[in-house]
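Observations on the three-dimensional arrangement
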Amino acid sequence: MNASSERTKRLALFAAVYFVEGAVLTYFSSFNILYLRSFDLSFKLIGIISAIAMVPFILKILIGYLSDRVNLFHRGHRKPYIIIGLIVQTVAFLCVPLFNPRDQFVPYMVLIILAALGMSTYDTTTDGYSIDTTPETDRGLVQGLMVGGRALSAIVTAVLMGIFAGKGHWDYNFYMIAVFALPALVLIFLVKDQAVRPAEAKYSKEALRSFRDVSYLMFALLGLLYPLALYSTEGMISAYLNESLKIDLTTVGYYTAVYGIGVVVGGVTGGSLMKKLGRRNSLLGAAVVTAVVTFVLAATKSPLLMWAIVFLVGFVFGDYETVYFAMGMDFTDPRIAAFMFSVTMAVGNFGIAAGSSLAGVLVDSVGFAWMFIIFGIIHLALLPLILAIFKRKPEMVK
């Protein structure tokens with residue numbers, strides 16, 4: 001098998017895995033609560049279910065550590081975990097419609113936990129596999145496919161899930177997720193894994209010292225701060241369109257679809273731009289352009305112009321994420337690839353949580369426009385930190 005064919009299969013696998021992951025995240029973030037309410041479950045109980053379902057996502061870091069250390073069944077450090085994760089998730093979602101959450105709460109809850117655990121397993125180990133197998137020149141492309149695949153899935157599945165739910169066919173949503181997992185399941189059997197890892201990629205406790213590297217800590221700080229502004233802007237767009245521009249909710253849904261298309265284009269384009277511009281220029285450019293677009297968003301009051309602005313907000317989101325995630329691969333020690341990358345991503349979740357709270361406070365105190373302006377300023381304020389990272393890591397500039 002030639003290298004080009006193997007590379008193509010891996011790229012297809014990464015896109016397929018993140019596509020099904022996007023479907024799962026869309027269900028959990030938007031439709032799980034609606035599904036449970038259709039059985040008249042209380043919001044209190046739904047909150048408990050949602051909290052419990054989050055536990056496997058927190059365990060991702062431990063799954064990554066296990067994958068780095070344990071060659072499962074002597075078949076590799078990644079493939080077996082990815083296969084098990086996809087199968088567990090698929091079987092769980094196929095079984096969910098068999099149980100009534102109100103009358104058969106325990107089996108339903110077990111299945112939801114298994115589905116989340118399956119996704120956490122293949123997500124973390126796919127990230128590890130991408131780091132193991134992707135040369136530096138392809139990392140932007142890989143992350144672009146991952147970001148774009150997940151965003152495209154969110155667009156497609158949100159529409160289909162809404163249609164199925166509206167007609168009362170909730171079971172179709174679970175079967176759809178199972179079907180979306182099939183391409184990834186086929187592809188994972190076609191790619192190669194390392195049954196024996198090379199010496200430089202074998203697990204070592206010494207690799208844990210990488211977390212103390214100053215340049216990595218600076219990069220992690222960036223990963224904490226930029227999502228605070230980026231995700232908060234994204235999360236407030238719908239409310240801004242509805243409450244400030246008086247756009248009806250149906251049309252807001254169309255704007256959201258345009259935003260999603262922007263994320264797909266930005267993700268795919270971001271990877272190719274990295275090859276042309278290099279790491280430093282791509283990251284600096286992402287921060288500056290994101291700030292400018294955020295300022296323009298704050299100043300735009302025309303619903304017509306907002307179609308283009310919403311697309312651009314999605315584009316810069318996809319581009320920024322692609323560039324940062326690709327650099328996250330660069331910073332990862334290959335001896336603890338899945339573990340270290342999962343920790344890097346987890347740091348960003350704290351920024352997202354903090355940003356959500358800050359956004360609410362800012363909207364109540366100064367309004368939407370000034371909130372966006374403040375987030376744009378945060379992006380610009382991160383430029384010295386970005387420059388400092390590359391000053392300490394000059395080999396990453398290109």
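The structure this text deals with has already been given above.
The rules behind the values
Residues numbered from 1 in each chain as written. Predicted model: local features only at pLDDT ≥ 70, side-chain atom pairs only at ≥ 80, totals over all residues. Heavy atoms only, no water. Helix = DSSP H or I, 4+ residues; strand = E, 2+ residues; numbered from the N terminus. Rg over C-alpha atoms; globule rule 2.2 N^0.38 Å. Buried < 20%, exposed > 50% of the residue type's maximum accessible area, 1.4 Å probe, protein only. Areas by Shrake-Rupley, 256 points an atom, 1.4 Å probe, with all protein chains shown as cover. Contact = heavy atoms within 4.5 Å. Polar contact = N/O pair within 3.5 Å; in protein donor to acceptor, adjacent residues only side chain to side chain. Patch = residues over 30% accessible without salt bridge, like charges linked within 9 Å, V, L, I, M, F, W, Y side chains within 5 Å. Salt bridge = Lys/Arg side-chain N within 4 Å of Asp/Glu carboxyl O. Axes fitted to C-alpha atoms, helices over the stretch in contact; angles between N-to-C directions. Parallel < 35°, antiparallel > 145°, perpendicular 65-115°, else oblique. Nonpolar A, V, L, I, M, F, W, Y, C, P; charged D, E, K, R; others polar. 1 Å grid on protein atoms, 1.4 Å probe; cavity = no way out; pocket = protein on both sides within 12 Å on 5 of 7 lines; lining within 4 Å. Points joined across faces, edges and corners; volume = space filled by probe spheres on them. Core = buried A, V, L, I, M, F, W, Y, C linked by side-chain atoms within 4.5 Å. Phe/Tyr/Trp six-rings, centres within 6.5 Å; stacked < 30°, edge-to-face > 60°.

A separate point is the overall build of the chain. Looking only at helices and strands, one finds 15 helices and 0 strands in the chain. Over its C-alpha atoms the chain spans a radius of gyration of 21 Å, differing by no more than 12% from the 21 Å that the globule rule assigns to 398 residues. Reported as C-alpha extents along the three principal axes, the dimensions of the chain are approximately 60 × 60 × 35 Å. Counting every position in the chain, which comprises 398 residues, the buried fraction comes to 52%. Element-wise, carbon and sulfur atoms account for 69% of the exposed surface of the chain, whose accessible area totals about 17,200 Å².

Within the element layout of this structure, histidine 77 appears in the loop between α4 (60–69) and α5 (79–95). When sequence neighbours within four positions are dropped, the list of residues in contact with histidine 77 reads Ser67, Asp68, Arg69, Val70, Asn71, Asp193, Gln194 and Arg197. At 3.5 Å, the side chain of histidine 77 and the backbone oxygen of valine 70 are in polar contact.

In this section: unusual backbone geometry. Glycine aside, a negative phi is what most residues show, and trans is what most peptide bonds show. Even without being glycine, phenylalanine 73 reaches a positive phi, approximately 55°. The residue phenylalanine 73 is located in the loop between α4 and α5 in this model. A positive phi angle is found at lysine 246, which is not glycine, with a value near 60°. Position of lysine 246 among the secondary structure elements: in the loop between α10 (214–244) and α11 (249–299).

A cluster of nonpolar side chains, contributed by Val55, Leu59, Leu62, Val106, Val110, Leu114 and Leu117, occupies part of the molecular surface with about 550 Å² of accessible area. Top contributing element to the nonpolar patch by residue count: helix α6 (residues 105–133), with 4 residues. Note on placement: leucine 114 falls in helix α6. Judged by relative accessible area, leucine 114 falls into the partly exposed class, the value being 34%.

So, about the packing of α11 against helix α15 (residues 383–392). Any two packed helices are characterised by how steeply their axes cross, that is the angle between the axes, and by the distance between the axes. Orientation of α11 relative to α15, taken along the N-to-C sense of each, is 170°, at an axis distance of 10 Å. Of the possible angle classes, the one that applies to α11 and α15 is roughly antiparallel. Across from Arg279, Arg280, Leu283, Leu284, Ala287 and Val288 in α11, the residues of α15 making contact are Leu383, Ile386, Leu387 and Phe390. Considering only residue class, the contact of α11 with α15 consists of 8 nonpolar, no polar and 2 charged.

Moving on: empty space enclosed by the protein. Which parts of space are left empty comes out when a probe the size of a water molecule is rolled across the atoms. This model, assessed by the stated rule, comprises 2 cavities of 30 Å³ or more. In this structure, the largest cavity encloses a volume near 60 Å³. Breaking the lining of the largest cavity down by element, the ones donating at least two residues are α10, α11 and α12 (303–331). The biggest single contributor to the lining of the largest cavity is α11, with 4 residues. A class-by-class count of the residues in the lining of the largest cavity yields 6 nonpolar, 4 polar and 1 charged. One number sums up the size of the second largest cavity: a volume of about 40 Å³. Looking at the second largest cavity, the residues that line it are Arg7, Arg10, Leu11, Phe14, Thr133, Thr134, Pro135, Asp138 and Val142. If one sorts the elements of the lining of the second largest cavity by residue count, helix α1 (residues 3–37) sits on top with 4 residues. Of the residues in the lining of the second largest cavity, the class split is 4 nonpolar, 2 polar and 3 charged.

Right, let's get into the side chain of threonine 126. On the secondary structure map, threonine 126 appears in helix α6. Leave out the neighbours within four places in its chain, and threonine 126 touches Phe14, Val17, Ile82 and Met146.

Among the nonpolar cores identified, the biggest contains 67 residues, and Leu222, Leu241, Met306, Tyr320 and Met371 are the most heavily contacted of them. Elements with a contribution of two residues or more to this core: α7 (139–166), α10, α11, α12, α13 (337–366), α14 (368–381) and α15. By residue number, the principal contributor to this core is α12, which donates 14 residues. Dropping the residues within four chain positions of it, methionine 371 is found in contact with Met236, Ala359, Leu362, Val363 and Val366.

Next up on the list: the side chain of threonine 90. Here threonine 90 shows up in helix α5. Among all residues touching threonine 90, those that are not within four sequence positions of it are Ala178, Ala181 and Leu185.

On to the packing of aromatic side chains, then. If you walk through the whole model with that rule in mind, you get 27 aromatic pairs. Ring plane angle 65° and centroid distance 5.6 Å describe the contact between tyrosine 27 and phenylalanine 28, whose orientation is recorded as edge-to-face. Between the aromatic rings of tyrosine 324 and phenylalanine 325, the centroid separation amounts to 6.4 Å while the plane-to-plane angle is 65°, which identifies the pairing as edge-to-face. Each member of the pair, tyrosine 324 as well as phenylalanine 325, carries the same accessibility label: buried. Members of the aromatic cluster, connected to one another through ring pairs, are Tyr65, Tyr203, Phe211, Tyr216, Phe219, Tyr226, Tyr320, Tyr324, Phe325, Phe331 and Phe339.

Okay, the pattern of salt bridges next. In the structure shown here, the tally under the stated rule is 11 salt bridges. Note that aspartate 138 is salt-bridged to lysine 275, the shortest N-O span being 3.6 Å. Taken as a pair, aspartate 138 in the loop between α6 and α7 and lysine 275 in helix α11 lie far apart in primary sequence, 137 residues in all. By relative accessible area, which is 51% here, lysine 275 ends up exposed. Between arginine 209 and glutamate 206 there is a salt bridge, with its nearest N and O atoms 3.2 Å apart. In the salt-bridge network here, residues are joined through shared partners; they are Arg7, Asp138 and Lys275.

Any link to function would need more than the numbers given here.
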